[in-house]
Amino acid sequence: MAGAPRANPGTSMAALLEIAGISKRFSGLKAVQNVSFEVPEGAIVGLIGPNGAGKTTCFNLIAGVYRPEAGEIRLAGRRIDGWRPDQICRAGLGRTFQLVKPFAGLTVLENVVVGALKQCRSVRAAEAIAAQVVEQLGLKSKCHEPAGSLTLPDRKRLEVARALATAPRILLLDEVMAGLRPTETDRMVGLFKDLNARLGLTILLIEHVMRAVMALSRQVVVLHHGQVIATGPPGEVTRDPAVLECYLGEDAL
Amino acid sequence: MRAPWLDGAPSREIILLCLLLAALILFPALANDYLITVLILIFYFAYVGQAWNLMMGFAGQLSLGHALYVGLGAYAAAALYVHFGISPWLGLWASVAVAATTGALIGFLAFRFGVAGVYFAILTIAFAEFARLAFDHWSWVGGSAGFFLPVANYAKNDLINLRGSPTMFYYVLLAMTVGAFLLCHALLRSRAGYYWLAIRESPEAAQALGINLFRYRMSVVVLSAAMTSLGGVVFAFYYNNLFPEQVFHISRSIELILAPIIGGIGTLFGPIIGAFLLTALAEGLDAIMRAVGLDVPGMKQIFYGVCLLVVVLFLPDGVWPPLAKLLRLDGRRAQGQPGY
Amino acid sequence: MPASIFLNVAVSGLLTGLVYGLMALGLSVIFGVVRVVNFAHGEMMTIAMYIAVALFSAYRLDPLLMLVPIAAVLFALGYVMQAGLSNPFINRPEHSQFMLLVAVAMIMVNALLVIFGPDARGVQTAYAYDSFQLGPLIVDATKVYAAVAAAVVAAGLFAFFRYSLTGKAIRACADNYQGALVVGLDVRRLYALTFGLGAACVGAAGAMLVLLLDVTPALGPSYTLLAFVIVITGGLGSMPGALLGGMLIGVTEALAGLLFTPSAKSMFAFGLLVLVLLFRPQGILGKSAS
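Please read all numbers here as calculations on a predicted model, not as lab measurements. (Residues numbered from 1 in each chain as written. Chains lettered and ligands numbered in written order. Predicted model: local features only at pLDDT ≥ 70, side-chain atom pairs only at ≥ 80, totals over all residues.)

## Examining the overall build of chain C
The number of helices and strands found in chain C is 11 helices and 2 strands. Each helix (α) and strand (β) of chain C, taken in turn from the N terminus, gives the series α-α-α-α-β-β-α-α-α-α-α-α-α. Computed over the C-alpha atoms, the radius of gyration of chain C is 19 Å, within 12% of the 19 Å expected from 2.2 N^0.38 for a compact globule of 290 residues. Each of the three principal axes of chain C carries a C-alpha extent, and together these read 60 × 45 × 35 Å. Buried positions account for 53% of the 290 residues belonging to chain C. Partitioning the contacts of chain C with sequence separation of at least 6, the portion at a separation of at least 24 is 80%. (Helix = DSSP H or I, 4+ residues; strand = E, 2+ residues; numbered from the N terminus. Rg over C-alpha atoms; globule rule 2.2 N^0.38 Å. Buried ≥ 20, exposed ≤ 12 C-beta atoms within 10 Å, placed from the backbone. Contact = placed C-beta atoms within 7 Å.)

Listed below in structure tokens is the structure:
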């Protein structure tokens, strides 16, 4: 059956995020159809596919912005489909937005403090954590600038910092490398690898920048027209004829 | 958003504020009754403006029916005093309870049913109008003929029952204004403050960071309503008469938002500066017109309207942010930032 | 109470409601196309009413005959307001635009107060006390004339939007702003035009309403609110909805005034507004909010 998750060889780790048969329609258009995959705990999984494949819709379904019409979503074994986005965040899921949504009137540091407040009750503690995260993302020099004045790459980094500050168990990254120079991309890749290795942060990322996908993902899920057409390690998937066919004409490879 | 200057060592800004406060405390000893009443008005508008600013400037919810809470607070405390002789210091708890419950009702209806933006503003107008008409027919509080508080003796200052000279009200309102300022300052630096600002800037991003939109929106509406109602209590005991047509009228609601908008929405000093500017300029205009012999009702409102127009068109952040920058009181912060 | 009283009151309310509907139609057109919440709507109508009163007391000119010139004056006012105030600030946040019109409304009401004073002014035409009789129905001639005029103007507006080139261009702007730009429509000019049209509606409604009641400056804010109630109840952006809402409000107001106290009739309008905002924010005939 198309879309059925293939068991990852050699992994006995439980799946932190399980998507089973989710579907979503918008005014008759099937954006996501019977999509299933798993994100094992501590893994980095890439979600790729041509534009309009339904990747961001998947994210929105997982994060609670939309409610799936069918199927189940489980986070650490608990069903979270139908929950509100803030409830899902408190359950341990962090996400960034493809169209970045900074708190424009607040400074960079204050933006991240908002995120950090999810795990601290006191503003002081949150500020300390926020300062650390801001440094990790290389935004320290701009931490007192208003977020509205940042360049796009910096705004993307801010999105990541904010989501990271909530100390998530799993982080959903939506095209955070877009528009970055290769050195910046490498730096982000290094950061995520480090967080994954040190803290065991699970990551699910939507990416068009293949360099990052190949470097980071242990497993890749390919979406096309709202359906999963391939799942597997990046090397395999990128040689899959069905995948190559759907990308023909796109210069993603 | 944080005020680094309140973190410890006294700085230029704190010294200035303390001087200003000292001046205000000494003021009644030096000034005549007329000036005292002018400042009473200023403090009143600064106070209720600050309360409204909580909802709009902090959480981004536009209320155009805030006179509702002033009126409810006024009538509750006044009714308890007139009918049962209860002191306004006790009566104000009833005011707060009534206003908070009404705010909670409006907030619940609005946020549960997704009524936002301009529709929310219209909803608040509708509630205020409804109250105006309802109170017009409620004879226990006087109906449309008005509700009157007995005035005993102006010479004697009875703080317990808020009966007394303008000077007494001056200090009460000064204390309230300072209190509101300090409260808002503390709130801005608190978890709630950060969350409110986040909701104002981007509700979706706020949700994605674990913020419960409903709970925080509700809390700001209820707090704002409760704070405003206290202004209503003082209003009732200062003017000693309440007419639904005036108290709940939409022009009252608009009046009380002029100061924060002109001063600067979302800033701490905005409502205060706005109240000073507006009232001072209006009184000045009045004086000029009387001197010229043009004492026509409505001129003052035209003036207010023009001020509002000018500010909305050319100074969208209000008067305070550019002024603060000019006076270099903004502590090297970028312009257009909230909370100062 | 005999049924004939209900019938008379209801019909009377229906006729008045048509005039309300025309006023609300103006607001609906403005909001539906330009997406501006015209907080000065009732005030603009009050201006029209005062113009009618002034013309009548100076030259004995019947307001209905002066309909077109008054509407033209209001059209110009509306055009200038949109072109001069709202258009340059089209990209400001929602509440900014709203406050702009709140300020304009304040200025208008108080300017009228300064110029005309607070006392009520009215128009006493020759046929002010005439009435038509149709079986048990007795209706005021003024109400009939006003309602007919309102219906004619509304029909004219519908026809304009449906059949004329400019009307279609305006509808295109409303449906698809970007698309309109792409096709090369001068959106700002069309916006100003639309605001002018909405203002003209309200001007015409004012000329009719002055036959039915006296005008004071304070009428402005009340009618702004009433227009909002009607438009939201009938459906924001739906022209038939505005007329339908107007008639509905007219009838309920009249009946409520009969069954309860006259001053309580507005409470029903607001109660209805709250219910609609909560349960069917798109109104009776409106499209679902996006």
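## Some words on the nonpolar core
In summary, soluble globular proteins display a tendency toward joint burial of nonpolar side chains. Counting 303 residues, the largest nonpolar core has Leu308 of chain B together with Val19, Leu22, Ala48, Ala150, Cys201 and Ala205 of chain C as its most contacted members. When residues of this core are assigned to their parent elements, the largest contribution, 18 residues, is made by helix 8 (residues 187–212) of chain C. For Cys201 of chain C, the residues in contact, after removing those within four places along its chain, are Leu22, Leu25, Gly26, Val29, Val153 and Leu157 of chain C. (Core = buried A, V, L, I, M, F, W, Y, C linked by C-beta atoms within 7 Å.)

## What about the domain arrangement of chain A?
Note: interface size is frequently given as the accessible area lost on complex formation between the parts. All names here are of chain A. Partitioning chain A into domains gives domain 1 (1–92 + 168–253) and domain 2 (102–166). Contributing elements (two or more residues each) for the side of domain 1 that touches domain 2: helix 2 (85–90), strand 7 (170–174) and helix 6 (182–199). Of the residues forming the side of domain 1 that touches domain 2, the biggest block, 3 residues, is contributed by helix 6. Of the residues belonging to the side of domain 1 that touches domain 2, the class tally is 7 nonpolar, 1 polar and 3 charged. (Domains from an automatic or database assignment. Nonpolar A, V, L, I, M, F, W, Y, C, P; charged D, E, K, R; others polar.)

## Points about the interface of chain B and chain A
Of the residues lining the interface, 21 residues belong to chain B; the matching set on chain A comes to 24 residues. For the side of chain B that touches chain A, the elements supplying multiple residues, two or more each, are helix 7 (191–201) and helix 8 (203–208) of chain B. A per-element tally of the side of chain B that touches chain A places helix 7 of chain B first, with 5 residues. Here the residues of the side of chain B that touches chain A sort into 10 nonpolar, 7 polar and 4 charged.

## Focus on the packing of helix 5 (residues 141–163) of chain C against helix 8 of chain C
All names here are of chain C. Running from N to C, helix 5 and helix 8 cross one another at 170°; their axes reach a closest spacing of 9 Å. When the axes of helix 5 and helix 8 are compared, the pair comes out roughly antiparallel. When helix 5 is examined against helix 8, the residues Thr142, Lys143, Tyr145, Ala146, Ala149, Ala150, Val153 and Leu157 are found in contact with a partner set consisting of Cys201, Ala204, Ala205, Met208, Leu211 and Leu212. Classifying every residue of the contact of helix 5 with helix 8 gives 12 nonpolar, 1 polar and 1 charged. (Axes fitted to C-alpha atoms, helices over the stretch in contact; angles between N-to-C directions. Parallel < 35°, antiparallel > 145°, perpendicular 65-115°, else oblique.)

## Observations concerning the sheet that holds strand 7 of chain A
Residue and element names in this part refer to chain A. An order of 6-7-8-3-9-10 is seen for the 6 strands of this open sheet, with the pairing classed as mixed. The strands lining the two open edges of the sheet, one partner per strand, are strand 6 (93–95) and strand 10 (227–232). Neighbour-to-neighbour, the strand axes of this sheet turn through a mean angle of 15°, independent of strand direction. The sheet contact formed by strand 7 and strand 8 (residues 202–206) spans 5 bridges and is parallel. Pairing of Leu173 across the sheet is with Leu205, part of strand 8. (Pairing = 2+ DSSP bridges.)

## Examining the interface of chain B and chain C
At the interface, 35 residues of chain B touch 31 residues of chain C. Contributions of two or more residues to the side of chain B that touches chain C are made by helix 5 (117–136), helix 11 (250–263) and helix 13 (299–314) of chain B. Among the elements that take part in the side of chain B that touches chain C, helix 5 of chain B stands out by supplying 13 residues, more than any other. Classifying every residue of the side of chain B that touches chain C gives 28 nonpolar, 5 polar and 2 charged.

## Regarding the confidence of the model for chain C
With 95% of its residues at a pLDDT of 70 or more, chain C has an overall mean of 85. For this predicted complex, the interface confidence comes out at an ipTM of 0.88, alongside a pTM of 0.86. (pLDDT = per-residue confidence, 0-100.)

## Some remarks on the sheet that holds strand 1 (residues 15–26) of chain A
All names here are of chain A. One open sheet accounts for 4 strands, arranged 2-1-4-5; its pairing is antiparallel. At either end of the open sheet lies a strand with only one pairing partner, and these are strand 2 (29–40) and strand 5 (78–79). Here helix 1 (residues 55–63) sits on the sheet and contacts strand 1, strand 2 and strand 4 (70–75); the angle it forms with strand 2, its principal contact strand, is near 65°.

## Quick notes on the environment of Leu259 of chain C
Residue and element names in this part refer to chain C. Relative to the helices and strands, Leu259 resides in helix 10 (residues 239–259). Residue classification places Leu259 among the partly exposed positions, given that 13 C-beta atoms sit within 10 Å. Each C-alpha atom, one on Leu259 and one on Phe6, is 9.5 Å from the other, the two residues being 253 residues apart in sequence.

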